[in-house]
Each structure stands twice: as C-alpha cells, then as structure tokens.
Amino acid sequence: MRVIFIGPPGAGKGTQAAKVVERHGVAHISTGDILRENVKRKTPLGLKAKEFMNAGRLVPDELIVAMMKDRLRESDCAGGFILDGFPRTVPQAQALDALMVELDLELDAAVLFQVDDETVVERLSGRRLCRKCGAIYHAVFHPTAAEGVCDACGGEIYQRDDDKEAVIRNRLTVYHSQTAPLIDYYRSCGRLLEVDAAGSSDAVLVALEKRLGA
Ligand code: AP5
Ligand code: MG
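Visitor: In this structure, what is going on with the side chain of Lys 13? I would like to understand it.
Guide: Mapped onto the secondary structure, Lys 13 falls in helix α1 (residues 13–24). Despite its burial, Lys 13 pairs with no opposite charge; the closest candidate is Asp 84, at 5.0 Å N-O. A distance of 3.0 Å separates a polar side-chain atom of Lys 13 from the backbone oxygen of Pro 8. Apart from residues no more than four positions distant in its own chain, Lys 13 is found in contact with Phe 5, Ile 6, Gly 7, Pro 8, Asp 84 and Phe 113.

Visitor: I tried to follow the packing of aromatic side chains on my own but got confused; where do I start?
Guide: The description of an aromatic ring pair rests on the distance of the ring centres and on the angle between the ring planes. If you walk through the whole model with that rule in mind, you get two aromatic pairs. Measuring from centroid to centroid gives 5.0 Å for Tyr 185 and Tyr 186, while their planes differ by 80°, and the two rings are edge-to-face. Each of the two residues, Tyr 185 as well as Tyr 186, counts as buried. When the ring centre of Tyr 158 is taken as origin, the NZ or CZ atom of Arg 131, which lies over that ring, is 4.4 Å away.

Visitor: Before we go on, may I ask you to explain helix α9 (residues 201–212) in this structure?
Guide: Three- or four-residue spacings in an α-helix give side chains the same orientation, since the helix completes a turn every 3.6 residues. With twelve residues, α9 ought to run about 16 Å at 1.5 Å a step, and its terminal C-alpha atoms sit 16 Å apart, in line with that. Of the residues making up α9, those classed as buried are Val 204, Leu 205, Leu 208 and Glu 209. An end-on view of α9 places all buried positions within 130° of arc, on one side of the element. The exposed set on the far side of α9, more than 90 degrees from its buried face, consists of Val 206 and Lys 210. Turning to α9, the residues buried within the fold contact β1 (2–6), α1, β4 (109–114) and β8 (192–196). Positive phi shows up at Gly 213, right after α9, with a value of about 65°.

Visitor: Any chance you could explain the pairing of β1 here in plain terms?
Guide: Consecutive side chains along a regular strand alternate between the two faces of the sheet. Within β1, four of the five residues are buried, leaving the element largely enclosed by the surrounding structure. Where β1 and strand β3 (residues 81–84) come together, four bridges link them in parallel fashion. In the strand pairing of β3, Ile 4 is matched with Leu 83. Here β1 pairs with β4 via four bridges, running parallel. Note that in β4 the partner of Ile 4 across the bridge is Ala 110.

Visitor: Just to check I follow, could you spell out the nonpolar core for this structure?
Guide: In terms of nonpolar packing, the biggest core is built from 30 residues, with Leu 72, Phe 81, Leu 83, Leu 96 and Tyr 186 touching the most fellow members. Listing elements by their share of this core, those giving two or more residues are β1, β2 (27–30), α3 (44–54), α4 (61–71), β3, α5 (90–102), β4 and α8 (181–187). Apart from the residues within four sequence positions on either side, Tyr 186 is in contact with Ile 4, Ile 6, Pro 87, Ala 93, Leu 96, Leu 107, Ala 110, Arg 191 and Leu 192. In terms of nonpolar packing, the next biggest core, distinct from the first, is built from 22 residues, Ala 11, Val 26, Val 120 and Leu 193 among them.

What counts and how
- Residues numbered from 1 in each chain as written.
- Chains lettered and ligands numbered in written order.
- Predicted model: local features only at pLDDT ≥ 70, side-chain atom pairs only at ≥ 80, totals over all residues.
- Heavy atoms only, no water.
- Helix = DSSP H or I, 4+ residues; strand = E, 2+ residues; numbered from the N terminus.
- Buried < 20%, exposed > 50% of the residue type's maximum accessible area, 1.4 Å probe, protein only.
- Lys, Arg positive; Asp, Glu negative; His and termini not counted.
- Salt bridge = Lys/Arg side-chain N within 4 Å of Asp/Glu carboxyl O.
- Polar contact = N/O pair within 3.5 Å; in protein donor to acceptor, adjacent residues only side chain to side chain.
- Contact = heavy atoms within 4.5 Å.
- Phe/Tyr/Trp six-rings, centres within 6.5 Å; stacked < 30°, edge-to-face > 60°.
- Lys NZ or Arg CZ within 6 Å of the ring centre and 35° of its normal.
- Expected span 1.5 Å × (residues − 1).
- Arc of directions from axis to C-beta.
- Pairing = 2+ DSSP bridges.
- Core = buried A, V, L, I, M, F, W, Y, C linked by side-chain atoms within 4.5 Å.

Next up, the structure:
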C-alpha cells in the first residue's frame, strides 16, 4: 500500500492513518509531525519552519521536498506507506512523481477526506494530543479517561499551537487556495479516491478501507 491522504486540516487524516497503519503495518509519514519534531529539537529545518506553522501558512516547497526525499529512502518505507499531509501543493506533487520514478515505485492512490469547514473548526478547537506517543484525542468526541493523561501511554496531553480559531481559519484558506488544486491533479490521472470524512471515526474507517480495497 502506497497512498497519499489529502484533505483539509482536521479532516481526520492522522486519526485514520494511525488505524490503517495498525492494521496493515505500513509506515505512517506525517510531514506535520516531522516538522513539529524538528521545531521541538530546534534543528535548522525546525527554526525555518516554526513561523510558517504558527501562522498557519505552508512551509516552502523546497524544504519539504528535500525532507521527503530523505524520508522516503528510509528502510521502513519498503513495505508501503501513508503520506499524511504531503504533497500539499502542485509543485510538491510533481516532485513526488519524479521521486517515485527515481525509486522505481508506484503510488496506488490519493485519498481525499471530504469534510466541511465548520466541522473542521469544531474538531480542531477540541483536539488534544499526547506529547509522548502522539495519540490523537478530542475534548468532546474522543476524550481521555483521566483528564490530561494519555490512555495509551500515560503521557502528558497538550494542545497544538496552531489549533487556535484564527490560525485554523487561515489554514483552511491556505488549504482551499494551495492544496485543493491537487484534487484535479490526482483525478485527471485516475488516482483519486473520495471518502466522506464527516461521519464518526469508525464510519470513516469502514468507508476508507472499502475504497482502498483493503
Ligand atoms: P499538519 O500537522 O499536517 O496539519 P493539518 O493538515 O492542518 O492537519 P491536522 O493534523 O491538523 O488534521 P488531521 O486531518 O490530521 O486531523 P486529526 O486526525 O488530527 O501540518 C501542520 C503545519 O505543518 C501546516 O499548517 C504547515 O505549516 C506545515 N506543513 C505540513 N506539511 C506540509 C507540506 N507538505 N508542505 C508545507 N507545509 C507543511 O483530527 C482532528 C481532530 O478531530 C482530533 O481531535 C480528532 O480526535 C477529531 N476527529 C478525527 N476524526 C473524527 C471524526 N470522524 N469525528 C469526530 N472527531 C474526529
Ligand atoms: Mg494530522
């Protein structure tokens, strides 16, 4: 399985990727997670990316493409992967196509998670994450059993810096202008699979697995 997850912020890409990875044993590559790790460690990439991320803007293509060229060569990608949040612009998609040719690999599909903007705001303003294992929760839809403590590993629960309403709205504007053109890009080559991502998390997983034929 080599697939891309496309969709607005808060569509549930990370939530569903974790479930698919658990079932199918493929690598989960989230560019947002890699960037946040770099910001935390204050690497040169993290220092460059931080301001863009906090403003809800995209990190420049050349930084992302260089990062992904290295990541896709790592050994855990040999058994397949989910790209969660990459590509996010047409130039990134073109760079990925060139890289797949170079690595002699084929992309199976680009999955589009469809959800409206108000649902996104509701989901992201309630999102909570585990600082230790990255598990994704929601204050209302999927709360932890004990407040502030991860059910899976006991780690500390936190809220992302960019999950504030004004930044969420900016991320949505950026999605519609810069990432939505990828829908036609993948549809025109017959690789687009569309999934209704507005239902419950379990319902979305059923629809997703059906579309993937998994
Ligand atoms: P990134 O981390 O990729 O953020 P995003 O695309 O904005 O998406 P999210 O991670 O916020 O949402 P998600 O779809 O994963 O939703 P989740 O499953 O968590 O990127 C962050 C930043 O990094 C970008 O703004 C940019 O600056 C930079 N960046 C990253 N990649 C880049 C690239 N390729 N190029 C340039 N810059 C890049 O779910 C959200 C919430 O909803 C959770 O609380 C969850 O519990 C809940 N939820 C999920 N599904 C459901 C459901 N079905 N019902 C109810 N609640 C649900
Ligand atoms: Mg995510």
